[in-house]
Amino acid sequence: MCNSFNKKFLDEAAKALNESGDEPFHSDENFMNLAIEAAIKGVLANDGGPFGCVIIKDGEIIGTGNNKVTSNNDPTAHAEIMAIRQACKNLNSFQLDDCILYTSCEPCPMCFGAIYWARPKKVFYACNKTDAAEIGFDDEFIYKELDLELSKRSIPFEQINRENAVKAFKAWKEKDDKIEY
Ligand SMILES: [Zn+2]
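First, a word on what this report is: a plain description of the structure on this page. Here the structure is a predicted model, which is why all the values come from computation and not from measurement.

Parameters at a glance
Residues numbered from 1 in each chain as written. Predicted model: local features only at pLDDT ≥ 70, side-chain atom pairs only at ≥ 80, totals over all residues. Helix = DSSP H or I, 4+ residues; strand = E, 2+ residues; numbered from the N terminus. Buried ≥ 20, exposed ≤ 12 C-beta atoms within 10 Å, placed from the backbone. Contact = placed C-beta atoms within 7 Å. Core = buried A, V, L, I, M, F, W, Y, C linked by C-beta atoms within 7 Å. Pairing = 2+ DSSP bridges. Axes fitted to C-alpha atoms, helices over the stretch in contact; angles between N-to-C directions.

### Looking at the overall build of the chain
Okay, so step 1: What the chain contains, in helices and strands, is eight helices and four strands.
Okay, so step 2: Along the chain, helices and strands appear, N-terminal first, in the series α-α-β-β-α-α-β-α-β-α-α-α.
Okay, so step 3: Considering the chain as a whole, with its 181 residues, one finds that 28% of them fall into the buried category.
Okay, so step 4: In the chain, the proportion of contacts linking residues at least 24 apart, taken out of those at least 6 apart, comes to 45%.

### Side note on the nonpolar core
Okay, so step 1: With 30 residues, the main nonpolar core has Ala35, Cys53, Val54, Ile55 and Ala83 as its most contacted residues.
Okay, so step 2: Counting only elements with at least two residues in this core, the list comes to helix H2 (28-44), strand E1 (52-57), strand E2 (60-66), helix H4 (79-91), strand E3 (99-105) and helix H5 (109-118).
Okay, so step 3: Per-element tally for this core: the top contributor is H2, with seven residues.
Okay, so step 4: Sequence-distant contacts of Val54, defined by excluding residues within four places in its chain, comprise Phe31, Leu34, Ala35, Ala38, Ile61, Thr64, Ala83 and Tyr102.

### Section: the sheet that holds E2
Across a sheet, strands are paired by hydrogen bonds formed along the backbone, either parallel or antiparallel in direction.
Okay, so step 1: Overall, mixed pairing links the four strands, which are arranged E2-E1-E3-E4 in an open sheet. Whereas interior strands pair on both sides, the edge strands pair on one side only; in this sheet they are E2 and strand E4 (122-127). Direction aside, neighbouring strands of the sheet carry axes that sit 15° apart on average.
Okay, so step 2: Here E1 pairs with E3 via five bridges, running antiparallel. Along E3, the bridge assignment pairs Val54 with Tyr102.
Okay, so step 3: Across the sheet, H2 lies against E1, E2, E3 and E4, angled at about 145° from E1, the strand it touches most.
Okay, so step 4: Along the sheet, H4 makes contact with E1, E2 and E3, crossing E2 at roughly 145°.

In structure tokens, the structure reads:
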């Protein structure tokens, strides 16, 4: 695992602890404060939106992230996605078994999906969707799109070449040594 990374965050955790006073080092509140700190640092560094995320396993930080959409030119570089990628890399696994994810804001639909694919055991969030909408990060339209028929959605989806695409599914189905997930 990445020790320098953990060291940095442990130092910061200690600092946050000194500042906040009475929160135990390994408390949920303390880990959430680290996620919030990542969000603030990201804003100050012009990384992207004001969102941070920390992932813990067995009381140890295994992943952290902050929004880097604008600095990475990556619309998927949300804090949760960044942290999930780092945590999975550190764990050498595509699953976040027994992990806890702390995100400074209630996840958007994309991150919500990513969290479900990664399967941590619990998620804590701080700000909610309404707080995010108030500063211009409104993902409500995506939830509304989900409820609409395909033909009524703002980005047209059209099905083509299904008969070719199912060949990939056939290959998967018939493969004996596949890694299921
Ligand atoms: Zn997101």
